[in-house]
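Listed below are the residues making up each chain.
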Amino acid sequence: MPAFLAVYLRPSRASLIFALKGVISMAMAMYVAMWMDLERPYWALVSAVFLQVRPEAGMVLEKTVCQILGTLIGGAFAMVVLHYFHAYSGISLFCLALWTWLNSGLSSLVRRVNFIYFFAMACVTPCIIILLTMATPSAVSSQSIFDIAQSRISELIVGSVCAMLVSLILWPQRVEKVLVDHAKNTINQTMAYLSVELDPDGSHDERHKHIDDTLQSLTALSDDSSAVVFEGPDGPGKSRAATVICNKILSLIAVVQIFGRLQRNNPELLSENMMSLLTQLRNDVGLIGSLKSFDECYELAQKQRRKWSKLFQSDQLTTLEFRLCRTAQEMVADLVVILRAYRALERGEKSTLKASGIKPHRDWLVAVTTGFRTCLVFSTGAFLWVGTGSPAAIMLMILPVIFSIMFARLAPVVVTRAIRGVLIGACFAIPVAIFYALNLIAASSGDFAILVLILSGPLFLGLMLLSHRVFLPYGIGFCIPFVILVQPANDMSRSLSVDYTTSSALAILSGVMILYWIFKLFAGPGANWIQSRLLSVTYQDLLKIGSPGHDEDWFNARMCDRLLRLTSYEQNVTSGYRTLTDLGLTGLNLGHASMRIRRLMSGLSERSLTGLEQEWQQALAASFLAASKGDDTDLLAPVNKRIIDTLKAEGAPEENLALIDGIFTRLHYSFRRTATMIKEARA
């Protein structure tokens, strides 16, 4: 059965509960707003719809806080603009355009959806207040400005509070359960990626498919970890456990590339015994990803840890294999920490494990271009509104602005699909609103119960779409235009006017189409720009890592969002090359290699090696930048030789020298492979 039909013909219990809770919260919001005699209660329903996207208690609480704060800040800005410029419509629109630019730009500097929603509400609230005030300039006064602002803020807050109460009281769901599912899925995806990476016969496309899936699940786990703190005293501990899982998985991804790339590109450097051990490691991580028992997974990981520790004592290893044994030992140790963190998360146990949370990649060029695009959407709507003078054209400057901010961080191909889904949903909402809802409302007695019965059917069906992630744009595109066209209120004379409703429908469709074409024509910085800037900040971080406060956890936290951005730009690449993703993974690996070198060199010399370490760090970062341009010049070789000679002169143990020399050898092959990859991709 097609997935779309399955939503309605074979609905899940969760989908039915989700839709029922949504209808109840919207009916409750509508009742309270109408009881308070607010002018436009439908904004309370729109507010409730947005809060239904994630129904878990922690997510709803976090989004409610973000929505209320954003609404209050946006309302305060609207009051200031109207106080000084209510008689100058052009200046007011200019202030709004700058405000949308600012908030949209700032939203691109955060990564969690609820925080982005905060900026969306701060942006759209003054649009609603100022534009609805300017729609009737003859009635503007200090009192009317205050009344309109108070009503719009009250409507939005009523909707969010009602949705929050329904989510907490009726069939409550908790983020902690979703977090455990995310953690399990993330670990399984990571084990699948490790297994493919360790397979010398694994395909390039398969590896990148798995790294895409792993990073997506990793960011989903990280995003939800902030909301779980709202769910009781155990919330902060569970959030820390989720953060540890995210951070250590990035360490696994950084390390496993060493084995995979050596097996594929330089198999002659590995003995048969080493290849056999790597095969056993691949089989075990694949088994860990398929097992459901924590104890079995933990025992397998500990068994691998003991095996590599024993092999590390062997004296029949080359310097490179000696280093690989230590690397495998560290990788399995990180896997053990991940499993311990998962146990603490699943069972609600207290844990002392800590790690740095994932940091958003902040690029001011992206912020400026994102803000400009939203400002362009708003300005296009403002131009059409001023040109037509239609009150319904106000929607051109509200819904497209919200969607522009909410979709800005998505990959271009995902944005296109999302806006197309919203447009299709709106196309269905318009005839349902005009020929079904408004037709029945016009013939009814006008009682609240009758109004709820008329609206509940279409909204229930729309919310069922909203409960499925793949159909979420269709659900949003149906529910919000449907509510805005019907405009349930104590006085429905405006929505029952055919010309006004038709104008509103055309405005909604025009606004979504304008948004679609602006995203298509102005996608922001291209892949080359993004590559250059991401490589530049990675280069800067490679220079910093190892200094106080800049360890692997810090580096992992900064690299995750960059990797996600790089993979999102290359998800539709069909040429067989994923150079951006490979460069990002190489940069992640180099940061870990740098810290290993520093730990190995620590205490091996009586005199300070700080100057030599800094010189080596600069050569490492420069070599990464050169390799990313296809230059295979070995900038590290002279510094490597001086380090080895200095340590030998100081009488450093042979074991440490073998480990350091093994890392130097591996880095030489890594940079040569990267430069060759870039040359082949360009050719």
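So, here is what we can say about the structure in this document.

Reading the values: rules and limits
Residues numbered from 1 in each chain as written. Predicted model: local features only at pLDDT ≥ 70, side-chain atom pairs only at ≥ 80, totals over all residues. Heavy atoms only, no water. Helix = DSSP H or I, 4+ residues; strand = E, 2+ residues; numbered from the N terminus. Rg over C-alpha atoms; globule rule 2.2 N^0.38 Å. Buried < 20%, exposed > 50% of the residue type's maximum accessible area, 1.4 Å probe, protein only. Contact = heavy atoms within 4.5 Å. Lys, Arg positive; Asp, Glu negative; His and termini not counted. Charge placed at Lys NZ, Arg CZ, Asp CG, Glu CD. Expected span 1.5 Å × (residues − 1). Arc of directions from axis to C-beta. Axes fitted to C-alpha atoms, helices over the stretch in contact; angles between N-to-C directions. Parallel < 35°, antiparallel > 145°, perpendicular 65-115°, else oblique. Nonpolar A, V, L, I, M, F, W, Y, C, P; charged D, E, K, R; others polar. Salt bridge = Lys/Arg side-chain N within 4 Å of Asp/Glu carboxyl O. 1 Å grid on protein atoms, 1.4 Å probe; cavity = no way out; pocket = protein on both sides within 12 Å on 5 of 7 lines; lining within 4 Å. Points joined across faces, edges and corners; volume = space filled by probe spheres on them. Phe/Tyr/Trp six-rings, centres within 6.5 Å; stacked < 30°, edge-to-face > 60°. Lys NZ or Arg CZ within 6 Å of the ring centre and 35° of its normal.

### Overview of the overall build of the protein chain
In step 1: Per the secondary structure count, the protein chain includes 25 helices and zero strands.
In step 2: Computed over the C-alpha atoms, the radius of gyration of the protein chain is 29 Å, within 12% of the 26 Å expected from 2.2 N^0.38 for a compact globule of 683 residues.
In step 3: For the protein chain, the spread of C-alpha atoms along the three principal axes comes to 90 × 50 × 45 Å.
In step 4: The 683 residues of the protein chain split such that 57% are buried.
In step 5: When contacts within the protein chain are restricted to residue pairs at least 6 apart in sequence, long-range pairs at least 24 apart make up 80% of them.
In step 6: Between the averaged position of the 61 positive side-chain charges in the protein chain and that of its 54 negative side-chain charges there is a distance of 2 Å.

### As for unusual backbone geometry
In step 1: With a phi close to 60 degrees, Asp37 is a non-glycine residue in the positive phi region.
In step 2: Examined against the element boundaries, Asp37 turns out to sit in the loop between helix 2 (13–35) and helix 3 (42–51).

### Digging into helix 24 (residues 637–649)
In step 1: Taking 1.5 Å per residue as the helical rise, helix 24 with its 13 residues ought to reach 18 Å, and the 18 Å between its terminal C-alpha atoms agrees with that figure.
In step 2: All of the buried residues along helix 24 are Val639, Asn640, Ile643, Ile644, Thr646 and Leu647. Summarising the axial view, the buried residues of helix 24 lie within an arc of 165 degrees, below the 170-degree limit, and thus occupy one face. Turned more than 90 degrees away from the buried face of helix 24, the exposed residues are Lys641, Lys648 and Ala649.

### Considering the packing of helix 23 (residues 610–627) against helix 25 (residues 654–682)
In step 1: It is at 8 Å that the axes of helix 23 and helix 25 come closest, and there the two elements cross at 25 degrees. As the angle between them shows, helix 23 and helix 25 are arranged roughly parallel. Contacts between helix 23 and helix 25 pair Trp616, Leu620, Ser623, Phe624 and Ala627 from the former with Phe664, Leu667, Phe671, Thr674, Ala675 and Ile678 from the latter.
In step 2: The class makeup of the residues in the contact of helix 23 with helix 25 is nine nonpolar, two polar and no charged.

### What to know about the side chain of Thr369
In step 1: Mapped onto the elements of the fold, Thr369 is located in helix 14 (residues 364–388).
In step 2: Here Thr369 falls in the buried class, since its relative accessible area comes to 15%.

### Re the environment of Gln173
In step 1: Among the structural elements, Gln173 can be located in the loop between helix 7 (142–169) and helix 8 (175–197).
In step 2: Separated by 114 residues in sequence, Gln173 and Met59 place their C-alpha atoms 9.8 Å apart.
In step 3: The residues touching Gln173, leaving out its near neighbours within four places in the chain, are Lys21, Pro55, Glu56, Ala57, Ser167 and Glu231.

### Considerations on the environment of Leu667
In step 1: Relative to the helices and strands, Leu667 is located in helix 25.
In step 2: Separated by 77 residues in sequence, Leu667 and Leu590 have C-alpha atoms that sit 8.2 Å apart.
In step 3: Look past the residues within four positions of Leu667 in its chain and what remains in contact with it is Leu590, Ala593, Trp616, Leu620 and Leu636.

### What to know about the pattern of salt bridges
Opposite charge on two side chains lets them pair, provided their charged atoms get close.
In step 1: Applying the stated criterion to the full structure yields nine salt bridges.
In step 2: Between Arg642 and Glu615 there is a salt bridge, with its nearest N and O atoms 2.1 Å apart. A residue pair is termed long-range when its members are at least 10 positions apart, and Arg642 in helix 24 and Glu615 in helix 23 qualify at 27 residues.
In step 3: In this structure Arg642 comes out as partly exposed when scored by relative accessible area, which is 35%.
In step 4: On the accessibility criterion, Glu615 (33% relative accessible area) is partly exposed.

### Describing empty space enclosed by the protein
In step 1: Tallied over the entire structure, the rule returns nine cavities of 30 Å³ or more.
In step 2: Taken as a whole, the largest cavity holds about 110 Å³ of empty space.
In step 3: Lining the largest cavity are Gln257, Ile258, Arg261, Leu262, Asn265, Asn266, Asn589, Arg666, Tyr669, Ser670 and Arg673.
In step 4: Sorting the residues of the lining of the largest cavity by element identifies helix 10 (235–265) and helix 25 as the ones contributing at least two each.
In step 5: Looking at the lining of the largest cavity element by element, the count peaks at five residues for helix 10.
In step 6: Looking at side-chain class alone, the lining of the largest cavity contains three nonpolar, five polar and three charged residues.
In step 7: Of the voids in this model, the second largest cavity is the one considered here, and its volume is about 70 Å³.
In step 8: Among the residues forming the lining of the second largest cavity, the class breakdown is eight nonpolar, one polar and no charged.

### Examining the packing of aromatic side chains
The geometry of an aromatic ring pair comes down to the distance between the two centres and the angle between the two planes.
In step 1: One pass over the full model with this rule turns up 13 aromatic pairs.
In step 2: Ring centres of Tyr31 and Phe448 lie 5.3 Å apart, and the angle between their planes is 70 degrees; on these two criteria the pair is classed as edge-to-face. Note that Tyr31 is positioned in helix 2 and Phe448 in helix 17 (residues 448–466), a separation of 417 residues in sequence.
In step 3: Residue classification places Tyr31 among the partly exposed positions, given a relative accessible area of 47%.
In step 4: Between Tyr42 and Trp43, the aromatic rings sit 5.2 Å apart at their centres with planes inclined by 35 degrees, giving tilted as the arrangement.
In step 5: Since its relative accessible area comes to 2%, Tyr42 is described here as buried.
In step 6: Cluster of aromatic residues (ring-pair linked, three or more members): Trp101, Phe372 and Phe522.
In step 7: One Lys or Arg, Lys63, reaches over the ring of Tyr117 and ends 5.1 Å from the middle of that ring.

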